[in-house]
Amino acid sequence: MSACVPTRDDHTSRSWRQSNGPGIKRPHSPPPPRRGGRFRIAGADLSASITVFLIAVPISLGLAVAMDAPLEAGLVSAAVGGIVAGLLGGTPLQVSGPSAGLTVVTAELLQIYGWRTTCAITIGAGLLQILLGAVRAARSALAVSPAIVHGTLAGIGVAIALAQLHIVLGGSPQSSAVENALALPALLDRLSPAAPLVGGLTIAILMAWPRLPGRIGRAVRRIPAALASVAIATAVAAVAAPGVARVDLPSWRSHALPELPQGPVLALATAVFTVTLVASLESLLAAVAVDKLTTDRAGRQSTESPAPAVPTAPPVRRSDLDRELRGQGVSNVLAGLLGGLPVSGGAVRSSANVRAGATGRASTVLHGVWVLLAAGLLVTALEWIPLAALAALVMMVGIQMVSYAHIRNVHKHREFPVYGATITGVVLFGVLKGVALGIAVAVVIALHRLTRTRITATDQGGQHLVVVRGQLTFLAVPRLSRTLGRLPQGGDAVVELDGFFMDHAAYETIQDWSNAQTAQGGRVVFTGRSGGRIAEPASAAHSCCRPWTPWRNHHCHGRPEQESVHHRGTRAGAGREHHATPSPSPGTTDTTAADTMTDVTSSSTPTPRAAAPAAEPIPGTPSSTALPATPRRTGAHRLVSGLSSFQRNTAPLVREELARLAREGQRPSQLFITCADSRLVTSMITASGPGDLFTVRNVGNLVPPPGAEAGDDSVGAAIEYAVDVLQVESITVCGHSGCGAMQALLGAKPDNPHTSLWRWLRHGLPSLERMASRHRAWARISGRLPADAVEQLCLTNVVQQLDHLRAHESVSRRLAEGTLQLHGMYFHVGEAQAYLLTEGASAGTCIDEVFAHVGPGDPSGSGELERTSA
């Protein structure tokens, strides 16, 4: 990236700003024209197909061994899945083949019905998949709780690993996971070393291959780990263990085709449904994962190669899940007809396809063609592979199906009991019963959460506070009615609702009670968790008071007392509960002592309300009996209110992190020097939190140069401490639009130049001189000139203060060592837009001073900034 920024006129600026990086489509632009027909073979697809083929062959054979099925059936499924699902499926980069998730199910079907009936069951499952795809049921399948889906796959993975462990140890797997676990001690007593050594070697190579170091390691890692492990284990076994059991591919002439299914109709229908369920879920989950991998790859390419001249992979459309389900169904029908295993999308093969650089369907289809050719031409070579090596490969696939990331995710969402129940059910009772057990546990937990509602009532000096924690359903109505019935009739009450759901029965209960209270002279206010009043008519709410940020009411306070209370009462967070809370009865006033409560906010930077509205008289009573008006809050009240809100809402969320920082000390990565202007919220615009920024704020974001008077040592001391003690990695000087200090510098001479303010502002005079100099180019924003002289000085001042920074001895030393970076930043308050000074200007090596726009799509700051500085 060039350090300097060439000067552009308006025309050139417009031309480069309108260009898009490769693979990025403008929202309203037509799709690019197709060239050379619909099916094209790119060089990347050809190389990716070979990579996937080298992975698919050993996995397909290993899964056939795991199912105790004919070995050639695995190759049939791999070829059919690659060619048919590749052409007809809705996920171009997904690679289909023998289903790892159906290993246990297929093995059980083979033991019960035999091979030919199992093929017929596969055909039935494919037809059912086609039907489900035709009625667009794919998205509905994803509505199943992820804890159940991942628990099912993890349970299948456990069963696969237990079964294949027997083959790795030189034995034969039993009919169930429980029997496999119970038979392990007896197998270990009669262990022979040949098969375990071959299996252990395969596992060791699988784990070490991706971690090979150095240049040789990078070159060798281009060979898939699955192929390398099986090939090396085969070579070692040929020399060291010639008697170990090997692959035995029978003649294709003896290959068995399906027959009409024989057995109880209900049992056969259950088998078809089970195969359909597992194969469909596995395929749809793999399709979603492929979409994510493709998006991540496109994001990395656009970040690494922002220039249009650098070629990247063309965009790949998101998956059409219904089409994918139909394509999987057709593949299973053909696989069953040809005597193959059930087919589904595979996460291992698909992720390898994406990472190998595939751009379209050609890679998937070609991989199937290579498998088909290998099945006819490489039989002799395949028969050298030891069964222990294939079993070890499949065992690792099963272990990988138990994902720690999934466990952590379901635990975070408090669904681990569902996940654990599903795994246990699949391992002990089978897939279908395991899924049913997981669904049952999920329903029980959901009902428990709906019924776990706490309702309390307390007397607060004549006013009752009713707190409802949890969801309000008909199950909680008896307790709710009992609690509300104990309150004195006609009294004042505040009902605090902390939940996101209220059904009709609970709504009517609260509404009827509220109407009865107000009819007898009482007043009822409904609030959120931290006191923010809710359920105000939308028409009454002032248009400028919207619950979108914690501080959004700062311009709505202090309104005249004669205004409607509804114009003043809306508080942050109220909008969340409008749909679930009764409205006040006509003619009643929605104001009580709740107005003295502190603000409702869950932000880490809560801001108190400026004033509380006065309480209004109770309807139907003389004015002399009205409650006394609540006094306007002073600055001290605002401070206490804000502190109370922090202790209630924010402190519980950050206490653990602050305790850690208190123990370990501060280790900020940046020194952030900015203006003291109250509109500049550094933590908000930098998305930072406790311990991230070491911040210095002063009037005008000025950095006195070394040697200034002793009264200016505060900024220098902060710089020295941050650079030498805290060892920050970067320093940012941030200016902003409408800076009062810059306006003062541009204004008339002060009446009293000896005040503290003007003695401080003298450090900004070099910025004023820099802007007036004819020997320097004007700073500008993204190719445009500043809007006025104030904005020009704000930009120039940032650049000048960076020069002052470089003059400090500690900063210059770290810059020379290459361990510190300087950044210039400008924040336009009115636009809520940040701009970064280009790299060369921040380093002082470029004469042009350009502040580049930082967009929402530039997480690394490399979007427009890099294009501007290129």
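Residues numbered from 1 in each chain as written. Predicted model: local features only at pLDDT ≥ 70, side-chain atom pairs only at ≥ 80, totals over all residues. Heavy atoms only, no water.

A. Expanded view of the side chain of threonine 276. Looking at the element boundaries, threonine 276 is found in helix H12 (residues 265-304). Apart from the residues lying within four places of it in its own chain, the contact partners of threonine 276 are Ala125, Leu128, Gln129 and Leu132. (Helix = DSSP H or I, 4+ residues; strand = E, 2+ residues; numbered from the N terminus. Contact = heavy atoms within 4.5 Å.)

B. Molecular detail of the nonpolar core. Among the nonpolar cores identified, the biggest contains 79 residues, and Leu61 and Ile121 are the most heavily contacted of them. With 11 residues, helix H7 (residues 146-168) is the single largest residue contributor to this core. If near-sequence neighbours (up to four positions away) are discounted, leucine 61 is found in contact with Leu71, Leu75, Leu249, Leu382, Ile385 and Leu390. The next biggest cluster of nonpolar side chains, apart from the first, holds 40 residues, and it includes Val723, Val733, Cys794 and Leu820. (Core = buried A, V, L, I, M, F, W, Y, C linked by side-chain atoms within 4.5 Å. Buried < 20%, exposed > 50% of the residue type's maximum accessible area, 1.4 Å probe, protein only.)

C. Fine view of unusual backbone geometry. Phi angles above zero are rare outside glycine, and arginine 136 is one such case at about 60°. Mapping arginine 136 onto the fold places it in the loop between helix H5 (115-134) and helix H6 (138-141). Owing to a relative accessible area of 59%, arginine 136 belongs among the exposed residues under this scheme. Of note in this structure, glutamine 727 is not a glycine but carries a positive phi near 55°. Mapped onto the elements, glutamine 727 comes out in the loop between helix H26 (713-725) and strand S9 (730-736). On the basis of relative accessible area, glutamine 727 is assigned to the partly exposed category, the value being 44%.

D. Structural detail: the packing of H7 against helix H17 (residues 387-400). Look at H7 against H17: their axes get within 8 Å of each other, and the N-to-C directions meet at 160°. Accordingly, the angle class assigned to the pair H7 and H17 is roughly antiparallel. The two elements H7 and H17 cross, and the hand of that crossing is left-handed. From H7, Gly157, Val158, Ile160, Ala161, Gln164, Leu165, Ile167 and Val168 reach across to H17, where they touch Leu387, Ala388, Ala391, Ala392, Val394, Met395, Gly398 and Ile399. Per-class residue counts for the contact of H7 with H17 are 13 nonpolar, three polar and no charged. (Axes fitted to C-alpha atoms, helices over the stretch in contact; angles between N-to-C directions. Parallel < 35°, antiparallel > 145°, perpendicular 65-115°, else oblique. Left-handed = near helix turned anticlockwise from the far one by under 90°. Nonpolar A, V, L, I, M, F, W, Y, C, P; charged D, E, K, R; others polar.)

E. Layout of the packing of helix H3 (residues 71-88) against helix H13 (residues 321-337). Interhelical geometry of H3 versus H13 gives an angle of 145° and a closest axis separation of 9 Å. Read as a crossing pair, H3 and H13 show a hand that is right-handed. Of the residues in H13, those touching H3 at Ser77, Val80, Val84, Ala85, Leu87 and Leu88 are Arg323, Gly327, Gln328, Val330, Ser331, Leu334 and Ala335.

F. Spotlight on a nonpolar patch on the surface. Together, Val178, Leu182, Leu428, Phe429 and Leu437 make up a nonpolar patch on the protein surface, roughly 480 Å² of accessible area in all. Elements that contribute at least two residues to the nonpolar patch include exactly helix H8 (177-189) and helix H19 (416-429). As for its position among the elements, leucine 182 is in helix H8. On the basis of relative accessibility, which here comes to 68%, the residue leucine 182 falls in the exposed class. (Patch = residues over 30% accessible without salt bridge, like charges linked within 9 Å, V, L, I, M, F, W, Y side chains within 5 Å. Areas by Shrake-Rupley, 256 points an atom, 1.4 Å probe, with all protein chains shown as cover. Salt bridge = Lys/Arg side-chain N within 4 Å of Asp/Glu carboxyl O.)

G. Local environment of the packing of aromatic side chains. Per the counting criterion, the structure on display carries four aromatic pairs. With centroids separated by 6.4 Å and ring planes inclined at 65°, the aromatic side chains of tyrosine 826 and phenylalanine 851 adopt a geometry described as edge-to-face. One end of the pair, tyrosine 826, is in strand S11 (residues 821-828); the other, phenylalanine 851, is in strand S13 (residues 850-853), with 25 residues separating them in the sequence. In this structure, tyrosine 826 and phenylalanine 851 share a single accessibility class: buried. (Phe/Tyr/Trp six-rings, centres within 6.5 Å; stacked < 30°, edge-to-face > 60°.)

H. Up close: the sheet that holds S13. Reading across from one edge, S8-S7-S9-S11-S12-S13-S10 is the order of the seven strands in this open sheet, with mixed pairing throughout. If you trace the sheet from one side to the other, it starts and ends with strand S8 (693-698) and strand S10 (780-781), each paired once. For strand S7 (residues 670-675) and S8, the ladder comprises six bridges, and the chain directions are parallel. Looking at the pairing, threonine 674 lines up with arginine 697 of S8. (Pairing = 2+ DSSP bridges.)

I. Looking closely at the sheet that holds strand S6 (residues 524-527). Spatially, S3-S4-S5-S6 is the arrangement adopted by the four strands of the open sheet, whose pairing is mixed. Sheet topology places strand S3 (454-459) and S6 at the edges, where each strand pairs with a single neighbour. Sheet twist, expressed as the average angle between the axes of neighbouring strands with direction ignored, equals 15°. In this structure, strand S5 (residues 492-498) lies alongside S6, joined through four bridges in parallel fashion. Residue pairing in the sheet places alanine 493 in a bridge with valine 524 of S6. In the packing of helix H22 (residues 504-519) onto the sheet, contacts are made with S5 and S6, and the angle to S6 comes to roughly 145°.

J. Inspection of the pairing of S7 at higher detail. Most of S7 sits inside the fold, with five of its six residues counted as buried. By the bridge criterion, five bridges tie S7 to S9 in an arrangement that is parallel. When the sheet's bridge partners are listed, isoleucine 673 is paired in S9 with valine 733.

K. Spotlight on a positive patch on the surface. A surface patch of positive charge is lined by Arg414, Arg449, Arg452 and Arg454. Its location among the elements puts arginine 454 in strand S3. Judged by relative accessible area, arginine 454 falls into the exposed class, the value being 60%. (Lys, Arg positive; Asp, Glu negative; His and termini not counted. Charge placed at Lys NZ, Arg CZ, Asp CG, Glu CD.)

L. View of H13. Along its 17 residues, H13 runs 24 Å from first to last C-alpha, staying within 8% of the 24 Å computed at 1.5 Å per residue. Burial runs high along H13: 12 of the 17 residues are buried. Along H13, the residues that are buried comprise Leu321, Asp322, Glu324, Leu325, Gly327, Gln328, Gly329, Ser331, Asn332, Val333, Ala335 and Gly336. Where H13 ends, the next residue or the one after it, glycine 339, has phi of about 80°, a positive value. (Expected span 1.5 Å × (residues − 1).)

M. Quick look at the pattern of salt bridges. Evaluation of the coordinates by the stated rule reveals 13 salt bridges. Between arginine 806 and aspartate 803 there is a salt bridge, with the nearest N and O atoms lying 2.3 Å from each other. You can see arginine 806 and its partner aspartate 803 sitting in helix H30 (residues 789-806), three residues apart, about one turn around the helix. Aspartate 803 sits in the partly exposed class, given a relative accessible area of 27%. Overlapping salt bridges bring together Glu657, Arg660, Glu664 and Arg667 as one network.

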